[in-house]
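Overview (structure and organization)
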Amino acid sequence: MDAAGAGPADPADPADSVGTTTGAVARRLGVSPATLRSWDRRYGIGPEVRRDGRHRRWAPRDIAVLEEMCRLTASGIPPAEAARAARAAGRPLPGGTEDSPAAPSGAPRAASPVASPGGPSGEPSGAPSPAAGHAPAAPPPTAPAAATAGASPVPAPRGTARQPGSGNGLPLGDVRQECRGLARAAVRLDATAVEQLLASAVEQHGLVTAWEEVMVPTLRAAGRKWETAGDRYVEVEHLLSWHISSALRRVPSAPPPPSGVPGAPPVLLACVPDEQHALPLEALAAGLTEQGFAVRMFGAALPAEALDAAVRRTGPAAVILWSQSRSTANRPLARHVAASEWGVKGARTHPAVLLAGPGWAGPSVPGTLRPLGLREALEALGRLRRTVPAGPAVP
């Protein structure tokens, strides 16, 4: 192995002693050789030594600058800005390039304006909230879930940088800067960076904002790219969906009630029969668990008979039914669940039913609610909890 750990050196080639080849560096960093050549041409992030004046040979400090470039772009920094900071942190290069104008006087050059969770990323290339009538979810292998989303955009908090553009070719549009870093990491299939960026978004912004303004727009962009690029980018959407699901399950739960204090009836979450998209329900389940709700999550395509049995066995305070498309929305089933009753005569009770997902668009179902986002669903269930007395879950 050579000094960069990129592969065996050819002893017959004296140029190998000068530095590492572009292909070896690309494999080490997880980017394509074309990306490295583009960074060299456009931003001046290139090697000091070139064999015969043409072939790039990367010295250790050249690679250090590349690693910093990858780290900054992974955090969502635009490539030209990241290049200036990476060069300043490593070694200055003579001359300017057409895409890397000099930084304004007094502007910081060595530090990134956004904290990076670490990990390399390549150069740049929405499932709205669950329980809303407009959210996508993790797709089955035959359908790009994020591409079917139709959530209304959520405005960014004041002071948040939002710029048009994309990350590594994903059609992001006007989104948070964190989305760009997440998209670049996902397109590079950099699982470590994706995991770190998702964890950082939840920690910094909270679950609801991280879902609505970081996870959903990036997932929707991956789905749109999948739809327009044939079989390409399927792996990107699946990797992103899996890591979003993992991040949602790591959201910490509220402490349980003290021993001997009865808890409130649970909240049941299920996709209607034939509905495979469950990721938005996972976001809602994470939000409910974070707030201390007892949750029963049944996931995708729960048969009607199984849903009916679960409702009668647990006596839930609420049932959330998810439908991604009108072809799966089952209004008779929603009416049946809303009419379910249990308890002694004169004191019978029934669950609140929330219809979540774009599949429920159209005529309303009597006795049900249709929250328009994750935040609205959590608020509605919070109000419900204040009106439902604590008691055993099983009637």
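Residues numbered from 1 in each chain as written. Predicted model: local features only at pLDDT ≥ 70, side-chain atom pairs only at ≥ 80, totals over all residues. Heavy atoms only, no water.

The name an unreviewed UniProt entry assigns to the protein is Transcriptional regulator, from the organism Streptomyces fradiae.

1. Describing the overall build of the protein
What the protein contains, in helices and strands, is 12 helices and 10 strands. Considering the protein as a whole, with its 395 residues, one finds that 51% of them fall into the buried category. (Helix = DSSP H or I, 4+ residues; strand = E, 2+ residues; numbered from the N terminus. Buried < 20%, exposed > 50% of the residue type's maximum accessible area, 1.4 Å probe, protein only.)

2. Some details on the packing of aromatic side chains
Given two aromatic rings, one states the distance between the centres and the angle between the planes to describe the pair. Applying the stated criterion to the full structure yields 0 aromatic pairs. Over the face of the ring belonging to Phe293 we find Arg385, whose NZ or CZ atom lies 4.0 Å from the ring centre. (Phe/Tyr/Trp six-rings, centres within 6.5 Å; stacked < 30°, edge-to-face > 60°. Lys NZ or Arg CZ within 6 Å of the ring centre and 35° of its normal.)

3. As for the packing of helix H2 (residues 33-43) against helix H3 (residues 60-74)
At their nearest, the axes of H2 and H3 sit 12 Å apart, and the two run at 95 degrees to each other. Here H3 runs roughly perpendicular to H2, going by the angle between their axes. Residues Leu36, Trp39 and Tyr43 of H2 lie in contact with H3, whose contacting residues are Leu66, Met69 and Cys70. Looking at the contact of H2 with H3 residue by residue, the class counts come to 6 nonpolar, no polar and no charged. (Axes fitted to C-alpha atoms, helices over the stretch in contact; angles between N-to-C directions. Parallel < 35°, antiparallel > 145°, perpendicular 65-115°, else oblique. Contact = heavy atoms within 4.5 Å. Nonpolar A, V, L, I, M, F, W, Y, C, P; charged D, E, K, R; others polar.)

4. Topic: the sheet that holds strand S7 (residues 295-299)
Spatial strand order, S7-S6-S8-S9-S10: 5 strands in an open sheet with parallel pairing. Two strands lie at the open edges of the sheet, namely S7 and strand S10 (368-369), each paired on one side alone. When strand S6 (residues 267-271) meets strand S8 (residues 318-322), the two strands line up parallel, connected through 5 bridges. Across the sheet, Val267 pairs through a bridge with Ala318, a residue of S8. Across the sheet, helix H9 (residues 279-290) lies against S6, S7 and S8, angled at about 170 degrees from S6, the strand it touches most. (Pairing = 2+ DSSP bridges.)

5. Quick notes on the pattern of salt bridges
What the rule picks out here adds up to 7 salt bridges. As a salt-bridge pair, Arg375 and Glu212 come within 3.8 Å of each other at their nearest N and O atoms. A residue pair is termed long-range when its members are at least 10 positions apart, and Arg375 in helix H12 (residues 374-387) and Glu212 in helix H7 (residues 207-228) qualify at 163 residues. A relative accessible area of 37% places Arg375 in the partly exposed class. Residue Glu212 is classed as buried on the basis of its relative accessible area, which comes to 13%. Salt-bridge contacts for Asp308 lead to Arg312; the nearest nitrogen and oxygen are separated by 3.5 Å. Of this pair, Asp308 and Arg312 both sit in helix H10 (residues 304-314), separated by 4 residues, roughly a single helical turn. (Salt bridge = Lys/Arg side-chain N within 4 Å of Asp/Glu carboxyl O.)

6. Side note on unusual backbone geometry
At Leu189, a residue that is not glycine, the phi angle is positive and equals roughly 60 degrees. Of note, Leu189 is situated in the loop between helix H5 (177-187) and helix H6 (191-205). Even without being a glycine, Ala301 presents a positive backbone phi close to 50 degrees. Relative to the helices and strands, Ala301 is located in the loop between S7 and H10.

7. Description of the environment of Gly173
Mapping Gly173 onto the fold places it in the loop between strand S4 (162-163) and strand S5 (175-176). Taking C-alpha positions, Gly173 is 8.9 Å from Pro217, a pair spaced 44 residues apart along the chain.

8. Describing the confidence of the model for the protein
Taken residue by residue, the protein gives an average pLDDT of 74. The fraction at 70 or more is 68%. Averaged pLDDT values for the elements of the protein fall to 40 in S4 and rise to 96 in S6. Long-range and interchain partners of residues 391-395, a stretch whose pLDDT sits below 50, account for 14 contacts in this model, where long-range means more than four residues apart. (pLDDT = per-residue confidence, 0-100.)

9. Some thoughts on helix H4 (residues 79-89)
With 8 of 11 residues buried, H4 is to be regarded as a mostly interior element. Three or more residues of H4 are buried, namely Pro79, Ala80, Ala82, Ala83, Arg84, Ala85, Ala86 and Arg87. In this fold, the buried residues of H4 make contact with H2, H3 and H5.

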